[in-house]
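Structural characterization, general
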Amino acid sequence: MAIFVKLISIATIFFSVVVGLILYYWLSSSNKEEKKQQSEEVINFLMNFIIFMWIGKIIMNFPLFIKDPLAVLAYPADSTSFYFAIIGSILRLVYQRKKIQLPIFIAALLPVILAASFMFEFIQFLQDSNLYSLVNMIFYMFLLSIFYYLNERMPALILFLILLMSWFVGTMMMFFTQPYVLFLGYLLSLPFILIFFLFNVGVLIYIKIKR
């Protein structure tokens, strides 16, 4: 039963990401060719994210994977694998910063992730009438509104920093006022929230110095 619920959650995430991509393509002010290229880069990023999750799942369960690979591969990834995929994906972006136009890519990725997060929480709220899903839904709508209001008014990296700080403050408030904090169905621990925030601030400083 637990596996079935997790598979439903994964299907919801997939649907939410598709909706996020459609909304980005619809609302973006870029021309058709630029939107197509940026959408392909975002899809490639998300596919690599899934690969990192699989790698993380194997690493975290390596002894069992050696004995019975299917016992590991057949089960959905947990929060630890999710954390691993996030850090791995960010490091990959930093490594590829000279191959892709990072500010343009961030400006494409952020609305997709935020819209997908909003849609995921909206579906969860419709299914369970969960108050915490409603709070999360309002929170991601707030972040999405910030993005579209400031998107063409300031550089992408500055906008990312503003959203990062807003996300951190909002997430910390929810962490200390709710029993748990979820992102796309994955539990966020306090150490991860702090490490994610500081890690991204460090990446932004590194990019700024290298430019």
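Structural notes, computed from the coordinates. Small disclaimer: the values here were computed from a predicted structure and weren't measured.

Cut-off values and rules
Residues numbered from 1 in each chain as written. Predicted model: local features only at pLDDT ≥ 70, side-chain atom pairs only at ≥ 80, totals over all residues. Heavy atoms only, no water. Axes fitted to C-alpha atoms, helices over the stretch in contact; angles between N-to-C directions. Helix = DSSP H or I, 4+ residues; strand = E, 2+ residues; numbered from the N terminus. Parallel < 35°, antiparallel > 145°, perpendicular 65-115°, else oblique. Left-handed = near helix turned anticlockwise from the far one by under 90°. Contact = heavy atoms within 4.5 Å. Buried < 20%, exposed > 50% of the residue type's maximum accessible area, 1.4 Å probe, protein only. Phe/Tyr/Trp six-rings, centres within 6.5 Å; stacked < 30°, edge-to-face > 60°. Polar contact = N/O pair within 3.5 Å; in protein donor to acceptor, adjacent residues only side chain to side chain.

Section: the packing of helix H7 (residues 131-150) against helix H8 (residues 156-177)
Where H7 meets H8, the axes come as close as 10 Å, and the angle between the chain directions of the two elements is 165°. Here H7 lies roughly antiparallel to H8, going by the angle between them. Remark: the crossing between H7 and H8 carries right-handed chirality. Across from Val-135, Asn-136, Phe-139, Tyr-140, Leu-143, Ile-146, Phe-147 and Leu-150 in H7, the residues of H8 making contact are Leu-159, Ile-162, Leu-163, Ser-166, Trp-167, Gly-170, Thr-171 and Met-174.

Focus: the environment of Leu-21
Considering the arrangement of structural elements, one finds Leu-21 in helix H1 (residues 2-27). On the basis of relative accessibility, which here comes to 17%, the residue Leu-21 falls in the buried class. The spacing of Leu-21 and Val-112 is 91 residues in sequence and 5.4 Å in space, taken between C-alpha atoms. Residues in contact with Leu-21, not counting those within four places in the same chain, are Val-42, Ile-43 and Val-112.

Describing the packing of aromatic side chains
Under the counting rule described, the total for this entry stands at 14 aromatic pairs. When the centroid spacing of 5.9 Å and the interplanar angle of 45° are considered together, the rings of Phe-82 and Phe-183 count as tilted. Linking Phe-82 in helix H5 (residues 79-95) with Phe-183 in strand S1 (residues 182-183), this pair joins segments that are 101 residues apart in sequence. By the burial criterion, Phe-82 is buried, and Phe-183 matches it. Between Phe-118 and Phe-122 the ring centres are 6.3 Å apart and the planes differ by 10°, which places this aromatic pair in the stacked class. Here Phe-118 pairs with Phe-122, and both are found in helix H6 (residues 102-128), just four residues apart, close to one helical turn.

Focus on the side chain of Ser-117
With respect to the secondary-structure elements, Ser-117 resides in helix H6. You can call Ser-117 buried: its relative accessible area is 1%. A polar contact is formed between the side chain of Ser-117 and the backbone oxygen of Ile-113, at a distance of 2.7 Å. Every residue in contact with Ser-117, bar those within four places of it in the chain, is listed here: Tyr-140, Phe-183 and Leu-184.

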